[in-house]
Amino acid sequence: MHHKNYLEDLESESIFIIREAVYQFKNPVFLFSIGKDSAVLAHLILKAFFPNKPKFPLLHIDTKWKFKEMIKFRDEFVKKNKLDLITYTNQDGLKKNVNPFTYNSKSYTKIMKTEALLKALKKYKFDCAFGGARRDEEKSRAKERIFSFRDENNTWDPKNQRPELWNVFNTDINQGESVRVFPLSNWSELDVWEYIKYENIKVVPLYFSKKRKFVKRDNNILVVDDKRMKIKNNEKIYFENIRFRSLGCYPLTTGFASKAKNINQIIKEIKKNRISERQNRLIDRDEIGSMEKKKKDGYF
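Note that the structure is predicted; figures quoted are calculated from it, not measured.

### Comments concerning the environment of Lys119
And then number 1: Relative to the elements of secondary structure, Lys119 occurs in helix H5 (residues 105-124).
And then number 2: It is 7.8 Å that separates the C-alpha atoms of Lys119 and Asn90, two residues lying 29 residues apart in sequence.
And then number 3: The contact partners of Lys119, leaving out residues within four places of it in the chain, are Tyr88, Asn90 and Asp92.

Below is the structure:
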């Protein structure tokens, strides 16, 4: 049972990080992005303070373009666990009809995600934001500290982060500065799924393979999630078994053919597959180092 102990070590490290941050900061928030990492982090946060509820809210940056199943999952989860949820949308972007079809993914993400997040953090004066990012997801996230400092403009400077030796975290910050805390930093995608299985955590059904309606656009499998997605004349609608490894706004998240209908099958698939799970996020493909640029601007 070596593996179970390994998961328990990861779990206790994450819970330690969560408690440490809540103890050190005045006004924390949990950035709930509704994906599998968010689900695991939510589970760990509930565990960290059990039987009490966490005294801080969940914040969902709602671009208005998430999959319908994600929003349904979010609302059910919050209700079931009696949590406080703040949803925040960048109203300026909404007024200008900033959307993933007519804007390129880079400017869309900047306006509807990064700017929205920064406005929300400022509005509610959060000094610490928990996120589910992991170091193995993507190159720039591998440079990330567990406690990641942001200056008063919420800018991330990878070269100006503090050393974290023996899990001693330096949490002194000045007025206006804040910290992003990543309790899942040391987890891999496989760890996340093993833990979901081990703890029986519910996740959005989009992770499991089933027959879904999609079009193939620029070699990407895009699910037709609502009427706002216009089908082009030369496009054919397919109805086949697909699933997702990473979830975001539906026009920017590509699915892939898969037979993995349950957690055991997903675990098997990941063990065989060596491609990063963020391959299917179009926002990461803008240009070399684009995730790092987004992070420096304040994206998660």
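### What about unusual backbone geometry?
And then number 1: For the bond running from Phe50 to Pro51, omega is 5°, close enough to zero to count as cis.
And then number 2: In this fold, Pro51 is placed in the loop between helix H2 (36-49) and strand S2 (58-61).
And then number 3: Located in the positive-phi region is Asp218, a residue other than glycine, with phi close to 50°.
And then number 4: Considering the arrangement of structural elements, one finds Asp218 in the loop between strand S7 (210-217) and strand S8 (220-223).
And then number 5: Phi at Asn219 takes a positive value of approximately 65°, unusual for a residue other than glycine.
And then number 6: Since its relative accessible area comes to 82%, Asn219 is described here as exposed.

### Focus on helix H7 (residues 263-272)
And then number 1: Within H7, the full set of buried residues consists of Ile263, Ile266, Ile267, Glu269 and Ile270. Looking down the long axis of H7, one finds its buried residues gathered within 165° of arc, a one-sided arrangement. Set apart from the buried face of H7 by more than 90 degrees, the exposed residues are Lys268, Lys271 and Lys272.
And then number 2: Buried-residue contacts for H7 involve helix H6 (189-199), strand S9 (238-243) and strand S10 (256-257).
And then number 3: You can read the cap of H7 off the contacts: a side-chain oxygen lies 3.2 Å from the backbone nitrogen of Asn264, and it is on Asn262.

### So, the side chain of Arg245
And then number 1: Secondary-structure assignment places Arg245 in the loop between S9 and S10.
And then number 2: For Arg245, the side chain forms a polar contact with the side chain of Glu189, separated by 2.7 Å.

### Considerations on the sheet that holds S7
And then number 1: Across the sheet, four strands lie side by side as S8-S7-S9-S10; this open sheet has antiparallel pairing. Unpaired on one side and paired on the other, S8 and S10 mark the two borders of the sheet.
And then number 2: Pairing of S7 with S8, which is carried by four bridges, proceeds in the antiparallel orientation. When the sheet's bridge partners are listed, Phe214 is paired in S8 with Val223.

### Brief notes about the environment of Leu121
And then number 1: If you trace the backbone, Leu121 turns up in helix H5.
And then number 2: Placed 33 residues apart in sequence, Leu121 and Tyr88 show a C-alpha to C-alpha distance of 10.0 Å.

### Focus on H6
And then number 1: Within the sequence span of H6, burial applies to Glu189, Asp191, Val192, Trp193, Glu194, Tyr195 and Ile196.
And then number 2: In the segment just after H6, Asn200 is the residue with positive phi, at about 55°.

### Overview of the pairing of S9
And then number 1: In this structure, S7 lies alongside S9, joined through five bridges in antiparallel fashion. Bridge pairing in S9 links Arg212 to Glu240.
And then number 2: Sheet analysis places S9 next to S10, joined by two bridges and oriented antiparallel. Among the inter-strand pairings, Arg243 is bridged to a residue of S10, identified as Phe256.

### Thoughts on the pairing of S8
And then number 1: Neither face of S8 is open: one carries Asn220 and Leu222, the other Ile221 and Val223, and all of them are buried.
And then number 2: Where S7 folds back onto S8 in an antiparallel hairpin, the turn is made up of two residues, including Asp218, whose phi is positive at roughly 50°.

### Things to note about the pattern of salt bridges
And then number 1: In this structure the tally under the stated criterion is 15 salt bridges.
And then number 2: With a closest N to O distance of 2.8 Å, Glu199 and Lys47 form a salt bridge. Of this pair, Glu199 sits in helix H6 while Lys47 is found in helix H2, placing the two residues 152 residues apart along the sequence.
And then number 3: For Lys47, a relative accessible area of 33% translates into the label partly exposed.
And then number 4: Linking Asp75 and Arg74 is a salt bridge whose minimum nitrogen-to-oxygen distance equals 2.9 Å.
And then number 5: Classification of Arg74 by relative accessible area gives buried; the value is 8%.
And then number 6: Members of the salt-bridge network, linked through shared partners, are Asp62, Lys64, Arg74 and Asp75.

About the thresholds
- Residues numbered from 1 in each chain as written.
- Predicted model: local features only at pLDDT ≥ 70, side-chain atom pairs only at ≥ 80, totals over all residues.
- Heavy atoms only, no water.
- Helix = DSSP H or I, 4+ residues; strand = E, 2+ residues; numbered from the N terminus.
- Contact = heavy atoms within 4.5 Å.
- Buried < 20%, exposed > 50% of the residue type's maximum accessible area, 1.4 Å probe, protein only.
- Arc of directions from axis to C-beta.
- Polar contact = N/O pair within 3.5 Å; in protein donor to acceptor, adjacent residues only side chain to side chain.
- Pairing = 2+ DSSP bridges.
- Salt bridge = Lys/Arg side-chain N within 4 Å of Asp/Glu carboxyl O.

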